[in-house]
Amino acid sequence: EDAEDLDPADASLDLDSDQGSLLLEPIPGADGSDAAGVAGAPVPEAGLDDELDPLTGLPDGSVFSRLVADEDARIARYHHPATVVIFELEGFERFVDRLGADAGDRVIPAVAGTIRRLARAADHVARLGPGRFAVLMAETDEIAAINYIERVRSARPDIAISGDFIVGFPGE
């Protein structure tokens, strides 16, 4: 099916964090320009290429697991808080099935860039899977983590899909 034949409700993605969702919405009068990009994507460090997601430049799950283990040891020693936030793009597989891999390859970097841009410099953002991201937030309690989730929800990772759709976080 062509993108213009899709009902946005059939091509939605939920960014499920117990706080909100990611939704694909039509753009009135879209001009078809390419707005894709990875705002806030980290510059890959030398020697880590095998452990970085090629689409986002973010560390993969194996790096994130090591970071969590290191943070767990720090928590045990110093008794300071830390939080892990998981973002899941529910329906991402269905989204890619409906609009194609190119659409998915444009959404993932935009979402990753938004999550990274809104995280603190000390936070560790990783891509765990096709539609799953994690953020390790040292020195962060539940309230601060919820505030971060709300900032991500209220952000708009503006990206045009086939010139007729835009990805944004609803609920503002």
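The structure under discussion appears in the preceding block.
The rules behind these values
- Residues numbered from 1 in each chain as written.
- Predicted model: local features only at pLDDT ≥ 70, side-chain atom pairs only at ≥ 80, totals over all residues.
- Heavy atoms only, no water.
- Helix = DSSP H or I, 4+ residues; strand = E, 2+ residues; numbered from the N terminus.
- Buried < 20%, exposed > 50% of the residue type's maximum accessible area, 1.4 Å probe, protein only.
- Contact = heavy atoms within 4.5 Å.
- Polar contact = N/O pair within 3.5 Å; in protein donor to acceptor, adjacent residues only side chain to side chain.

## Section: the overall build of the protein chain
A tally of helices and strands in the protein chain yields four helices and seven strands. Of the regular secondary structure in the protein chain, the N- to C-terminal order runs β-β-α-β-α-α-β-β-α-β-β. For the protein chain, the proportion of its 172 residues judged to be buried stands at 39%. Relative to all contacts within the protein chain whose residues are 6 or more apart in sequence, the contacts with residues 24 or more apart total 67%.

## Notes on the environment of aspartate 141
With respect to the helices, strands and loops of the structure, aspartate 141 is situated in the loop between strand E5 (132-138) and helix H4 (142-154). For aspartate 141, a relative accessible area of 41% translates into the label partly exposed. In this structure the C-alpha to C-alpha distance between aspartate 141 and histidine 80, which are 61 residues apart in sequence, comes to 9.1 Å. Not counting chain neighbours up to four residues away, the residues in contact with aspartate 141 comprise Pro81 and Thr83. Of the polar contacts made by the side chain of aspartate 141, one reaches the backbone nitrogen of alanine 144; its length is 2.9 Å.

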